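# A look at the structure
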Amino acid sequence: MTEEKKLNPMKEFLNKFFDLCREYQQEIPPHKMAEVLRDYAERLDG
């Protein structure tokens, strides 16, 4: 099994998430990304 396939789901998610953030950071300011994540977290808690 390759090293990448051995990664746990959380590590894989974070890798993909950070890749996505890097891809869009020129178009979407980091503080707006953080705002979206806070809104999402609130929905999960609510």
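Residues numbered from 1 in each chain as written. Predicted model: local features only at pLDDT ≥ 70, side-chain atom pairs only at ≥ 80, totals over all residues. Heavy atoms only, no water.

## A look at the packing of aromatic side chains
- This structure, assessed with the given rule, holds 2 aromatic pairs.
- On the numbers, 6.0 Å between centres and 20 degrees between planes, the contact of Phe13 with Phe17 is stacked. With a gap of 4 residues between them, Phe13 and Phe17 both fall in helix H2 (residues 9-24), about one helical turn apart.
- Exposure remark for Phe13: the relative accessible area of 48% places this residue in the partly exposed category.
- Every member of this aromatic cluster is reached through a ring pair, and the members are Phe13, Phe17 and Phe18. (Phe/Tyr/Trp six-rings, centres within 6.5 Å; stacked < 30°, edge-to-face > 60°. Helix = DSSP H or I, 4+ residues; strand = E, 2+ residues; numbered from the N terminus. Buried < 20%, exposed > 50% of the residue type's maximum accessible area, 1.4 Å probe, protein only.)

## Some remarks on the pattern of salt bridges
- Tallied over the entire structure, the rule returns 3 salt bridges.
- The salt bridge involving Arg22 is made with Asp19; its shortest N-O contact spans 2.5 Å. On the criterion of helical spacing, the pair formed by Arg22 and Asp19 is a turn pair, its members being 3 residues apart in helix H2.
- With a relative accessible area of 49%, Arg22 lands in the partly exposed category.
- Among the residues examined, Asp19 registers a relative accessible area of 44% and is labelled partly exposed.
- Notably, a salt bridge pairs Lys32 with Glu35, separated by 3.8 Å at the nearest N-O pair. Note that Lys32 and Glu35 are positioned in helix H3 (residues 30-45) at a spacing of 3 residues, about one turn of the helix. (Salt bridge = Lys/Arg side-chain N within 4 Å of Asp/Glu carboxyl O.)

## Focus on the confidence of the model for the chain
- Looking at the chain as a whole, the pLDDT averages 89, with 87% of positions reaching at least 70.
- Averaged over each element, pLDDT in the chain is lowest for helix H1 (residues 3-6) (61) and highest for H3 (95). (pLDDT = per-residue confidence, 0-100.)

## Some words on a nonpolar patch on the surface
- A cluster of nonpolar side chains, Met10, Phe13, Leu14 and Phe18, forms an exposed patch at the surface whose accessible area comes to about 400 Å².
- Mapping Met10 onto the fold places it in helix H2.
- Taking relative accessible area as the criterion, Met10 reaches 53% and is therefore assigned exposed. (Patch = residues over 30% accessible without salt bridge, like charges linked within 9 Å, V, L, I, M, F, W, Y side chains within 5 Å. Areas by Shrake-Rupley, 256 points an atom, 1.4 Å probe, with all protein chains shown as cover.)

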